[in-house]
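Breakdown of the fold
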Amino acid sequence: MNPGAGAKPPLVAAEAVAYRYPDGSPALRDLSLEVRAEERLALLGPNGSGKSTLLRLLGGDGAPGIRRDPRVDDAGRRWLAPDRPALRTWLSGRENAAILLELHGAGSGEARATADAWLARFGLEADADRPAGAYSSGMRRRLALATAFGTAAPLLLLDEPLAGLDPGGREAFAEALADHHGAGGTAVLSAHDPVFAAAHCDRVAFIVDGRCAVADTPARLLERVGARPRVEIRFAAGQALDPDTLGPAPEAVRASSRNEGAVILEVDDPSRALPETLAWVLRGGASVASVEVREPDLADAFATLTGRRLEERAR
């Protein structure tokens, strides 16, 4: 796993990591992935693909196959924000953040000042004295993120940081992520949003069935699947495509991915290809619910390079 030319050395890495859940089912299978210093790395994959488990192992101690640079080997140099923040519900948002910052090494005065500053950045200033138990799920997420960035840890591991965030929360998170990066920090985040990953992350790793299928910059991942427009045809419930009666695709149309609920097709000229494409799909016995024409994004790259779709559940 040697970094490419000009790439920074790995700060933390997983080398052929295997891990099983308590019931014996596999969570990670021979997964290898490097996290380079001062990068923002997004983990994209369906639910159950192993992203959360990988983040916990990267942030934990003593897991076989996990190696860390001395700069983040000390627990005080990294911070894991789980997908379900563990908050003291009877304490206020400010108290929750300040206590965690103190546990991370800040003095009480510094912890309170830092908590106030970051709660304000995430739009929680007016609710700082309310019990965390009265917070909505989105507010809890913002509280967890405010605390994570307040630690100023060189390595942040953020599990589903976008979950439950409204547009204002997403903007605050993007700005905090950029500031952390500008200060020399490294962040690994799991997400389902390919648009956010492409816009705000330096590299993206596709995680499928407990393995890293590929990791590269958003631009290079898109280059690998081409720049042809996509036509996404979704089927009505219970009225999916019958491959046996479909027959060959029209000229200049190529199937990018297909499942029971939809098919994504690559075309050169959507305005010319769409009528014939729809006729072809209808001949296959499908009942079409919607048709969308769009430029390719990381979701298309994921489907093409892994044969899976981001929104599906892992098998």
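What this report covers is the structure whose coordinates are included nearby. Quick caveat: nothing in here was measured; it's all calculated off a predicted structure. (Residues numbered from 1 in each chain as written. Predicted model: local features only at pLDDT ≥ 70, side-chain atom pairs only at ≥ 80, totals over all residues. Heavy atoms only, no water.)

1. Let's talk about the overall build of the chain
- Helices and strands together make up the secondary structure of the chain, namely 11 helices and 13 strands.
- Looking at the chain as a whole, 48% of its 315 residues qualify as buried.
- The contacts of the chain with a sequence gap of at least 6 include a subset with a gap of at least 24, amounting to 69%.
- Put simply, the chain shows about 14,600 Å² of open surface, and 49% of that area lies on carbon and sulfur atoms.
- Counting 38 positive and 44 negative side-chain charges, the chain places the averaged centre of each group 3 Å from the other. (Helix = DSSP H or I, 4+ residues; strand = E, 2+ residues; numbered from the N terminus. Buried < 20%, exposed > 50% of the residue type's maximum accessible area, 1.4 Å probe, protein only. Contact = heavy atoms within 4.5 Å. Areas by Shrake-Rupley, 256 points an atom, 1.4 Å probe, with all protein chains shown as cover. Lys, Arg positive; Asp, Glu negative; His and termini not counted. Charge placed at Lys NZ, Arg CZ, Asp CG, Glu CD.)

2. What to know about the pattern of salt bridges
- Scanning all chains against the criterion turns up 15 salt bridges.
- For Asp116, the salt bridge is made with Arg94, and the minimal N-O distance between the two is 2.5 Å. You can see Asp116 sitting in helix 4 (residues 108–121) and its partner Arg94 sitting in helix 3 (residues 93–103), a full 22 residues away along the chain.
- We classify Asp116 as partly exposed; its relative accessible area is 30%.
- Relative accessible area serves as the criterion here: at 13%, Arg94 is assigned to the buried category.
- A salt bridge links Arg130 to Asp127; the nearest nitrogen and oxygen atoms lie 3.1 Å apart. (Salt bridge = Lys/Arg side-chain N within 4 Å of Asp/Glu carboxyl O.)

3. What to know about the environment of Ile66
- Structurally, the position occupied by Ile66 is in strand 4 (residues 66–68).
- Residue Ile66 is classed as buried on the basis of its relative accessible area, which comes to 15%.
- Between the C-alpha atoms of Ile66 and Ala16, which are 50 residues apart in sequence, the distance is 8.9 Å.

4. Observations concerning the side chain of Thr217
- Looking at the secondary structure, you find Thr217 in the loop between strand 9 (211–216) and helix 8 (218–225).
- Apart from residues no more than four positions distant in its own chain, Thr217 is found in contact with Asp202 and Arg203.

5. Side note on the nonpolar core
- Of all hydrophobic cores here, the largest spans 50 residues; its most connected members are Phe122, Phe149, Leu158, Phe173 and Phe206.
- A total of six residues in this core trace back to one element, the largest contributor, which is helix 5 (residues 137–150).
- Among residues more than four places away in sequence, those in contact with Phe149 are Trp118, Phe122, Leu156, Leu158, Phe173, Ala176, Leu177 and His180.
- One finds Ala14, Leu31, Ala37 and Ala63 within the second-largest nonpolar core, a separate group that totals 24 residues. (Core = buried A, V, L, I, M, F, W, Y, C linked by side-chain atoms within 4.5 Å.)

6. Topic: the sheet that holds strand 5 (residues 78–81)
- The strand order across the open sheet formed by six strands is 5-6-7-3-8-9, and the pairing between neighbours is mixed. The open sheet terminates on both sides in strands that have one partner only, identified here as strand 5 and strand 9. Adjacent strand axes in the sheet meet at a mean angle of 15 degrees, parallel and antiparallel pairs treated alike.
- Bridge analysis of strand 3 (residues 40–44) against strand 8 (residues 203–208) gives four bridges, and the strand direction is parallel. Within strand 8, the residue paired with Leu41 across the bridge is Arg203.
- Helix-sheet contacts for helix 5 involve strand 5 and strand 6 (155–158), and the interaxial angle to strand 6 is about 165 degrees. (Pairing = 2+ DSSP bridges. Axes fitted to C-alpha atoms, helices over the stretch in contact; angles between N-to-C directions.)

7. Some thoughts on the sheet that holds strand 4
- Pairing is antiparallel across the open sheet formed by three strands, whose spatial order is 2-1-4. Either end of the sheet is taken by a strand with one partner, and the two such strands are strand 2 (26–36) and strand 4. Each adjacent strand pair in this sheet contributes to an overall mean axis angle of 10 degrees, direction not counted.
- Set on the sheet, helix 1 (residues 51–59) makes contact with strand 1 (10–20), strand 2 and strand 4; between it and strand 2 the angle comes to about 55 degrees.

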